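Close look at the chain arrangement
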Amino acid sequence: MKNNYEKEIQDLLMEMTIEEKVGQLQQCGPSLVGAFDVSFEELVNMVFDGRISKADFQNIMSSAKHDFHEEDLRAGKIGSYNGLNDAKTANELQKIAVTETRLGIPLLFGYDVIHGYRTVTPIPLAESCAWEPELWERTARIAAEEATAGGVHMTFAPMVDVSRDARWGRVSEGAGEDVLLSSIYGAAKVKGFQGDDLTKEDAMAACVKHFAAYGAAEAGKDYNRVDMSMQRLFEEYLPPFEACVKAGARAIMPAFNDINGIPCSVNHWLLTNLLRNQWGFDGMTISDANAIAECVTHGIAENTADAAKQAIEAGLDMDMTSNAFSETLVKLIAESAVSVEALDKAVANVLRVKFDLGLFDHPYQTSEEREKAVMLKPAYRSLAREAAEKSIVLLKNETLLPLKPGIKLGIAGEQANNRGEMTGAWAIKADVEDCVSLIDACMTQGIDYVYLEENTVIPEDCDVFVAAVGEMKNQSGEAASRASIELPADQINLLKKLIETGKPVIALLFNGRPLAIPWVAEHVSAIIEAWHPGVEAGNAILNVLFGKVNPSAKLTTTFPYASGQCPIYYAHMNTGRPGGKSKFTSKYLDTPLVPVYPFGHGLSYTTFAYSELQLSEGQEGVTASVKVRNTGDREGTEIVQCYIRDIVAKRIRPVKQLVDFSKIPLQAGEEREVVFYVPYHKMGYYDMNMRHVVEEGEFELFVGGNSVDCLSNKFRL
């Protein structure tokens, strides 16, 4: 990003003491004092761990006295706060920074705005199933408008970790298993959060996370190690981050994990050689919570001072809440263990983002009046509903859906009547009373229904049963990895009881990750994947159930047959013995070869037919055209997917790789030609010397409605 304030940054550096410089690198959260003998960070952890409820958290926060470390702020020892979400407090602290510190450098307020602020939209994994970059940008825009009204300057989002192991809880925070989709999703979110001018009061900086390869944590276990080839890192895990940098993201958060033995927080190659020298990034980097100090536990630093030295020399600018910089850097500088030049470089990066945001000219970017006026606007709720409708995936339908008006529903399962469960993980500003459950929507819309409480007799006069099953929101997200992603026995038993009535049964899934549901896929009449859909959950689900909305979403992640299949993803490599009927092939003895539902799968209330795939080879790329016809009796939207395969190469290549997609509406009976242009450079890969090459030879191009059912043609380069 070009700017005109490098001279101002250098002038400030000349005026600042070492202590003030170190202060700019310190991000802290409020501490709780009084009767609560835990830190703010630990209290947040308690919510996510399920040790206290969201209601308890809100009660504590409303009654506790907060220590914002104002004396440290006045002394120039704090440059940023994390976790503040109200305009009044933000402006009070900003006033201290601007009017009571020696140099008047404004504060930067960061917050986790992952999928909405007060108007909570579907979790990112859900929204990615819409395959609609414009939607992703629009939902990020309203999140920024609300969050900035609450005093937020920077969001710790988007998360663009490619995630191929459904056991990892944080799969819920990103766009799934595909490199291209994650790249396009991340860039759209960056643009939405930051808007067209970062100095505007409703624009906030995007902090892209987790850099890098966090989604490849070994065994799907959160915070675990990552060990992979450099070729795989560059081909499968780094492209989404580079796409976000190119989109103008102003901040990057290194991941908790190590890559090939070097924790990302102290990885000079990652944070300086790659990010800044190769990609040209000139924003700021900020650690994940406590990550610098945790390098001691990793076993790469002797103590906190050593961790701080390694981190700042690697290119990590700001310390989130570990106090590693604030407690050790002044002494390290005095002892010449860390150079003033390294310190100045980090401080300049932080100041640059503050200038980008216009904070020096307009430090008070919100007010209590603006905050009150902006939240939960009707237009925001409407967009949240639209996003939920476009995120809901119809996985199975035995001619049951859409439901006919006037039928009586039997609704079972806690999540059907639990507003708080609709938001999913990382919706920390959500208010349960803002949310619409399925039961709420039924009551409002006059649907004839009966809610089946636990252990009640199943009524005989229901026409169709809807069973809300899946995961509670604290079963996915950070620190929510699971060794088993099958449905629990009590949910299977509920479905069995409903099926025994002889009436049709719809499984309505609420979850933050792919689930292993082979029994459900075989036995129930219809399956709707609702994910955790946000504040408008119930209304969106009813609109899909009754056909007011024709579902169009497609999976961005593979649904395994069993937990033991993980990691499972469509873009895998063949072995010399691909799985097959023969015994000595790559497979499990106790699962089918294929997943329950593949990447790209999603049904509609109409049907689509593909024909006449034709290829035309040009000098710089190949053009593919295909005809897509709506063969049903109602309008619908199809997500047409284009894949490529390099059949023979000097490094084995994936059986398919997504290279483009198009989302097209079609009236009943309408046919359209869809054209894809695939540049040859998209067909390249990194060789054993880390050179990006495009080889001559035979390729295969696929076009279809999912990653399995495709037309294909071969061509040669």
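These numbers were taken from a predicted model, which means no experiment stands behind them. Sequence order as written defines residue numbering, which begins from 1 separately in each chain. Predicted model: local features are reported for residues with pLDDT of at least 70 only, side-chain atom pairs are reported and counted for 80 or more only, and whole-chain, interface and lining totals are derived from all residues. As a rule here, side-chain values come from all non-hydrogen atoms in the structure, and water together with hydrogens is ignored.

**Details of the overall build of the chain**
Along the chain, the regular secondary structure elements total 22 helices and 27 strands. Here the C-alpha atoms of the chain give a radius of gyration of 26 Å, agreeing with the 27 Å that 2.2 N^0.38 yields for 717 residues. Oriented by its inertia axes, the alpha-carbon framework of the chain measures out at about 75 × 65 × 45 Å. Think of it in three bands: with a 1.4 Å probe and only protein chains considered, a residue is buried below 20% of the maximum accessible area for its type, exposed above 50%, and partly exposed in between. Relative to its 717 residues, the chain shows a buried fraction of 60%. Any two residues whose heavy atoms approach within 4.5 Å are treated as being in contact. Nonlocal contacts in the chain, meaning residues at least 24 apart in sequence, comprise 78% of its contacts between residues at least 6 apart. To be clear on the numbers: accessible area is Shrake-Rupley with a 1.4 Å probe, and residue cover counts the displayed protein chains and nothing else. Accessible surface, the chain as shown: approximately 27,600 Å² in total, 49% of it carbon and sulfur. In this tally Asp and Glu are treated as negative and Lys and Arg as positive; neither His nor the chain ends contributes. For the purpose of locating charges, the reference atoms are NZ of Lys, CZ of Arg, CG of Asp and CD of Glu. On the chain, the mean spot of the 69 positive side-chain charges and the mean spot of the 99 negative ones are 4 Å from each other. Working definition: helices are DSSP H or I runs of at least four residues, strands are E runs of at least two. Numbering for both runs from the N terminus. When we talk radius of gyration, it's over C-alpha atoms, and the globule rule is simply 2.2 Å times the number of residues to the 0.38.

**Let's talk about the packing of helix α8 (residues 133–149) against helix α18 (residues 378–391)**
In the contact formed by α8 and α18, the axes pass within 11 Å of each other and the chain directions differ by 145 degrees. Every pair of crossing elements has a handedness; the one defined by α8 and α18 is left-handed. Facing α8, whose interface residues are L135, R138, T139, I142, E145 and E146, α18 presents Y380, L383, E386, A387 and K390. Across the contact of α8 with α18, the residue classes break down as 5 nonpolar, 1 polar and 5 charged. Axis geometry follows a simple rule: fit a line to the C-alpha atoms, using only the stretch in contact for helices, then measure angles between N-to-C directions, giving values from 0 to 180 degrees. The handedness criterion is simple: a crossing whose near helix is rotated anticlockwise from the far helix by less than a right angle is left-handed, and one whose near helix is rotated clockwise is right-handed. For this classification, Asp, Glu, Lys and Arg are treated as charged, while Ala, Val, Leu, Ile, Met, Phe, Trp, Tyr, Cys and Pro are nonpolar and the rest, including Gly, are polar.

**Re the pairing of strand β18 (residues 526–529)**
A two-sided burial pattern is seen for β18, the buried positions comprising A526 and I528 on one face and I527 and E529 on the other. Pairing geometry for strand β13 (residues 393–397) and β18, over 4 bridges, is antiparallel. Its bridge partner lying in β18, L394 is registered against I528. As defined by bridge partners, strand β17 (residues 505–510) adjoins β18 across 4 bridges and the pair is classed as parallel. By the bridge assignment for β18, I506 is matched with A526. Chirality of the crossover, the property in question, places the unit of β17, helix α21 (residues 518–523) and β18 among those that are right-handed. At least two bridges found by DSSP between two strands are what make those strands a pair. Handedness of a crossover: with both strands directed away from the viewer, a clockwise path from the first strand across the helix to the second marks it as right-handed.

**Some remarks on the sheet that holds strand β19 (residues 608–617)**
Sheet architecture is open: 3 strands sit in the order β19-β20-β23, paired in antiparallel fashion. The open sheet is flanked by β19 and β23 (671–679), the only strands paired with a single partner. Direction aside, the axes of adjacent strands within the sheet are offset by 20 degrees on average. Bridge analysis of β19 against strand β20 (residues 621–630) gives 8 bridges, and the strand direction is antiparallel. Bridge assignment links Q614 to a residue of β20, and that residue is S625.

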